Number of protein chains: 2
Amino acid sequence: MGITFTVHKECSESRARTGVLETPHGRIATPVFMPVGTQATVKTLTTHELLDAGAEIILGNTYHLYLRPGSDVVEDAGGLHRFMGWPAGLLTDSGGFQVFSLGKLRTISDEGVEFSSHLDGSKHFLSPEKAVDIQMALGADIIMAFDECPPADADYVYAKRSQELTTRWARRCRDRHHREDQALFGIIQGGMYHDLRRRSAEDLQEIGFSGYGIGGLSVGEPKPVMYDVLYELIPHVDPSKPRYLMGVGSPDCLVEAVFRGVDMFDCVLPTRIARHGTVLTRRGSFTIRDQPYARDFQPIEDGCTCYACQNHSRAYIRHLLKAKEVLGIRLTSIHNVHFLLQLMTDMRQAIDAGSFLAFRREFFGTYAG
Amino acid sequence: MGITFTVHKECSESRARTGVLETPHGRIATPVFMPVGTQATVKTLTTHELLDAGAEIILGNTYHLYLRPGSDVVEDAGGLHRFMGWPAGLLTDSGGFQVFSLGKLRTISDEGVEFSSHLDGSKHFLSPEKAVDIQMALGADIIMAFDECPPADADYVYAKRSQELTTRWARRCRDRHHREDQALFGIIQGGMYHDLRRRSAEDLQEIGFSGYGIGGLSVGEPKPVMYDVLYELIPHVDPSKPRYLMGVGSPDCLVEAVFRGVDMFDCVLPTRIARHGTVLTRRGSFTIRDQPYARDFQPIEDGCTCYACQNHSRAYIRHLLKAKEVLGIRLTSIHNVHFLLQLMTDMRQAIDAGSFLAFRREFFGTYAG
């Protein structure tokens, strides 16, 4: 429903693959990175700047939009695409991750989660049904089932209970959802336990979804642990469906997860670090606010085709950041989003050309974490 | 030196006129509004957004740039045009107004002004010679003489002493300045006293400048007082030279000052009020953050061709402002700068068409201050 996914090319030496997601708002080449527009805007950027950077799909956050401006306002505007003026692919999360991140401000039961708004402390209740209702009102092309996300150090008993709860909630989401123009993805949980992850994938596939999120990773565990979970899990996920690793966006993790068969990613990383003056390059990241860049009149990254690198120097951007000028974080945000989208393009080209392993070797030859 | 000014058309029923300033960085149609780029950026906007909005000249602040990043850094970059990536006209003020605004943090003598930096309290000294040296290093197309700006309620004795000091300083600026590609403007002072204003204009014209700033207005006096000063002063200013009313940018003041013969303006108003959620329209300004706009899906101003009005609704912009998203103040800033530049274009067209009085009547027929 809503979208179709076609695998285009599979790497013969790894699980990396390219594909195409067809949505009511256009085609999306995978593997894809989705910039995050938490509050109906990818922080500091216009929709045209996102399109110019090559974004084909972005993400909106149900929890934030439900509280402000309210899903009713977005619905009145004709849905989130129209409210924010975004013509291409759109995915909303279920609000689950944000609600669970509230810690003491929420209580979980089988029915759902009661929580207090981070804005004004007002009480709210989110259930699988309500998460789907809100997402149907927001009207994204892809929506996510309501899940429970255990912490990285969850013990087996907790992780098992959480995986089972996520399965029951996923079924209720599936039963509630009825928008034909929208795809619903399930979310695989199970902590760092391979058998629970496999069980979660099998349970969700029995219910049947248009794609599968992999949640509960990049929550504090070491990167090798995440890579192991992906390595063990992916063979148990229906290869005809897109696999979406949620909340992951550092360049090295993107390469390693694509290598292990992931098709979709989202993360606030590029815009969040940009606001602290950190920029991404193929040699690793650096903090452009630092003193050495005061008279450095080179672009952030030589050869980069983003607006910041085509028009401005490190010295100028550093000055803007030191002076707390908005243009500074605009330029670092544009660069970082462009960088990750270009990295995905380069990976897709390498996979299609049958040279992904060489690409990966070359990438880690210059990249310093 | 540096620029030429040609009067193109004079209104037969008022002192309004159109003209062209030719600078090393292009032609500028007057009357012109110059957006203010205090710290080498017009707040929130890129240089391309300014060009798209129709800006032909912008302003930089000597005081701010001298302190940060330092005029030496800007000079190393090849001047302010290159440092900030601005290809068109550029004017720097002398730093005088900012230094005098520091109040207790500065001491004036005939030699110059000692002041403490608002950034770190460090001591600095600004003299007419130093203000010119810094501005030659920054390399704008038009630079301003170092002046003393008395408060709106200055008594006659103070205003007279200040006018005389400004004249002595203007001569020292003239003697110091030697960049052939740069024009130097004197600044007419004299408080609210017509005879002092006339004396200031005559003194400065005897020294000889490429244009004349009118300083010390819009500093707290009622608008009619400012209009009177302009009315009495303008006949005493060489009609072959551009007249620049400093620090004025509200729509009604722009129309009234053009009516009285002013050619150039600058003001932080459009970007400053934008950051507080206030937008300019032909019917007056309104605060888009307010509740009535929560479900108002119209553009800020019907028929406006700016990026914000072409792409987004009041409801969306209100949401962004309430959620403290940078895109909100970007959109209000783009709109306000575009609005003032469009207002100047409309005035120029009306003057050229011989219909400026009708334009002014129509403007005040709908505009609610």
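*Asks:* Explain the interface of chain A and chain B to me, please; I cannot follow it from the model alone.
*Replies:* In many reports, interface size means the accessible area that the parts give up when they come together. The partner chain B presents 37 residues to the 37 residues of chain A that form the contact. Summing both partners gives a buried area of about 3100 Å² for chain A against chain B, and 55% of it is carried by carbon and sulfur. On the chain A side of the interface with chain B, the three residues burying the most area are R295(A), H319(A) and E325(A), jointly 18% of the side's total. Where chain A touches chain B, the interface holds eight salt bridges. For the pair chain A and chain B, the number of links is 22 residue pairs in polar contact (both at pLDDT 80 or more). Those elements that provide at least two residues to the side of chain A that touches chain B are helix 1 (47-52), helix 3 (71-76), helix 4 (80-84), helix 12 (307-311), helix 13 (314-322) and helix 14 (326-352) of chain A. Counting residues per element, the side of chain A that touches chain B draws most heavily on helix 13 of chain A, at five residues. Tallied by class, residues from the side of chain A that touches chain B come to 18 nonpolar, 10 polar and nine charged.

*Asks:* It is not clear to me how the side chain of R197(B) should be interpreted in this structure. Could you clarify?
*Replies:* Residue and element names in this part refer to chain B. Structurally, R197 is set in helix 8 (residues 194-207). Despite its burial, R197 pairs with no opposite charge; the closest candidate is E221, at 7.2 Å N-O. Within the structure, the side chain of R197 is placed 2.8 Å from the backbone oxygen of G191, a separation counted as a polar contact. Ignoring sequence-local partners within four residues, the contact set of R197 consists of I188, Q189, G190, G191, I214, G215, G216, L217, V229 and L233.

*Asks:* Whenever I open this one, the confidence of the model for chain A confuses me. Can you help?
*Replies:* A low pLDDT means the predicted coordinates there should not be read in detail. Looking at chain A as a whole, the pLDDT averages 96, with 100% of positions reaching at least 70. Interface predicted TM-score (ipTM) for the complex: 0.97; the corresponding pTM is 0.97.

*Asks:* In this structure, what is going on with the nonpolar core? I would like to understand it.
*Replies:* Within soluble globular proteins, side chains that are nonpolar tend to cluster in buried spots. In terms of nonpolar packing, the biggest core is built from 206 residues, with L245(A), F265(A), F356(A), L245(B), F265(B) and F356(B) touching the most fellow members. Among residues more than four places away in sequence, those in contact with F356(B) are C11(B), S14(B), A16(B), V255(B), V258(B), F259(B), M347(B), A350(B) and I351(B).

*Asks:* Explain unusual backbone geometry here, please?
*Replies:* A negative phi angle is the norm for most residues apart from glycine, just as the trans form is the norm for most peptide bonds. Look at the link from R68(A) to P69(A): it is a cis peptide, with omega at 10°. In this structure, the amide linkage connecting T30(B) to the following residue, P31(B), adopts the cis form with an omega of 0°. Note that P31(B) resides in the loop between strand 3 (26-30) and strand 4 (32-37). The backbone of A40(A) sits at a positive phi, close to 65°, despite the residue not being glycine. Examined against the element boundaries, A40(A) turns out to sit in the loop between strand 4 (32-37) and helix 1. On the basis of relative accessible area, A40(A) is assigned to the buried category, the value being 0%.

What counts and what doesn't
- All residue numbers refer to position in the chain's written sequence, counted from 1.
- Here the convention is simple: chains get letters from A, ligands get numbers from 1, in the order in which they are written.
- Side-chain atom pairs in this predicted model are given and counted only at pLDDT of 80 or more, local residue features only at pLDDT of at least 70, and totals for whole chains, interfaces and linings cover all residues.
- Water and hydrogen atoms play no part in the side-chain values, which are based on all heavy atoms of the structure.
- In this analysis, two residues are considered to be in contact whenever any of their non-hydrogen atoms come within 4.5 Å of each other.
- Buried area: the accessible area, evaluated with a 1.4 Å probe, that two parts lose upon being put together, summed over both parts.
- For this analysis, a salt bridge means a side-chain nitrogen from Lys or Arg found within 4 Å of a carboxyl oxygen belonging to Asp or Glu.
- Two N or O atoms count as a polar contact when they lie within 3.5 Å, although within protein this holds only if one can serve as hydrogen donor and the other as acceptor, and sequence-adjacent residues are included solely when both atoms are side-chain atoms.
- Each helix corresponds to a stretch of at least 4 residues labelled H or I by DSSP, and each strand to a stretch of at least 2 residues labelled E; elements are numbered beginning at the N terminus.
- Note on residue categories: nonpolar means Ala, Val, Leu, Ile, Met, Phe, Trp, Tyr, Cys or Pro, charged means Asp, Glu, Lys or Arg, and polar means any other residue, Gly included.
- Relative accessibility decides the category of a residue: with a 1.4 Å probe and only protein chains considered, values under 20% of the type maximum give buried, values over 50% give exposed, and everything between is partly exposed.
- When charges are counted, Lys and Arg contribute as positive and Asp and Glu as negative, whereas His and the chain ends are disregarded.
- Per-residue confidence from the predictor is reported as pLDDT, a score between 0 and 100.
- The nonpolar core is taken to be a set of buried Ala, Val, Leu, Ile, Met, Phe, Trp, Tyr and Cys residues, with the residues joined through side-chain atoms within 4.5 Å.

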